[in-house]
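Structural characterization, general
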Amino acid sequence: MLEILYRDEHLIAINKPSGLLVHKSFYSGEADTYAIQELRNQIGQKVYPVHRLDRKTSGVLLFTLDKDTLRMMSTQFEEKVVEKKYIAILRGWAKEEETIDYDLINENEVKQNAVTRYHRLQTSEIDLPFLKHQTSRYCLVEAIPETGRFHQLRKHFKHILHPILGCRKHGCNKQNKLWLQAFGINKMTLHAHQLIFNHPISNERIMVNATIDDDFKRVGDILNFDLSLYG
């Protein structure tokens, strides 16, 4: 059963588990189940995804229950009225805050402007030797993408040399292997913890929050991060 975070006669939001694809996609490969089909079966009616999350990203995922609402919500995303907030654990200590303005190439080889704001929440240094270092450093950040490009956060944090822990395609695979060997963990630590938007009918400002899963909590415990705001 998917965790339902918000529901009315127009909208429904879930806490998407890591590993679940939103829908069939040429770029994401095949799967036995998809969020759109699981939610439809769970509530007994058709749903329309407003946006998407990567397969390994967990957190708030919003659907509409009719096509008119879908059009209105899609306009909000296009006009950047919707605020998406993520938490992530990065390798190393990133700056206290930064705006990453770095163009990305999409699936069709087209360059697109991409902007991400982030601020550092906590830092950690643990006794885990890595390459020439006797310890390993990590930080917890909150990231707000101002654009919605494919794998934007993963690519942007790689660009500033602070990749997301557990990310394979745009991460540090030596670091990921170290965590798998030392702790038996291969979790990608990226979670969409909050979505804020205007209700398309009432215009009320809606805030939807999603708690982190046990795997994310386990990584946080190893790094002594206080994740109580997200648990």
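Preceding this paragraph is the structure being described.
Residues numbered from 1 in each chain as written. Predicted model: local features only at pLDDT ≥ 70, side-chain atom pairs only at ≥ 80, totals over all residues. Heavy atoms only, no water.

Moving on to the pairing of strand 9 (residues 115-126). In terms of strand pairing, strand 6 (residues 97-101) meets strand 9 through five bridges, oriented antiparallel. Residue pairing across strands places E98 opposite Y118, the latter belonging to strand 9. Bridge analysis of strand 9 against strand 10 (residues 136-145) gives ten bridges, and the strand direction is antiparallel. Within the sheet, the bridge partner assigned to S124 lies in strand 10 and is Y138. (Pairing = 2+ DSSP bridges. Helix = DSSP H or I, 4+ residues; strand = E, 2+ residues; numbered from the N terminus.)

As a further point, take the layout of surface pockets. Taken as a whole, the largest pocket holds about 670 Å³ of empty space. Lining the largest pocket are 26 residues, and of these F77, K84, T147, G148 and R149 lie nearest its centre. Every element with two or more residues in the lining of the largest pocket is listed here: helix 2 (67-78), strand 5 (83-91), strand 10 and helix 3 (152-159). Grouping the constituent residues of the lining of the largest pocket by class yields ten nonpolar, six polar and ten charged. (1 Å grid on protein atoms, 1.4 Å probe; cavity = no way out; pocket = protein on both sides within 12 Å on 5 of 7 lines; lining within 4 Å. Points joined across faces, edges and corners; volume = space filled by probe spheres on them. Nonpolar A, V, L, I, M, F, W, Y, C, P; charged D, E, K, R; others polar.)

Its location among the elements puts N198 in strand 11 (residues 190-198). Sequence-distant contacts of N198, that is, excluding residues within four places in its chain, are made with M73, Q76, V81, N203, E204 and R205. (Contact = heavy atoms within 4.5 Å.)

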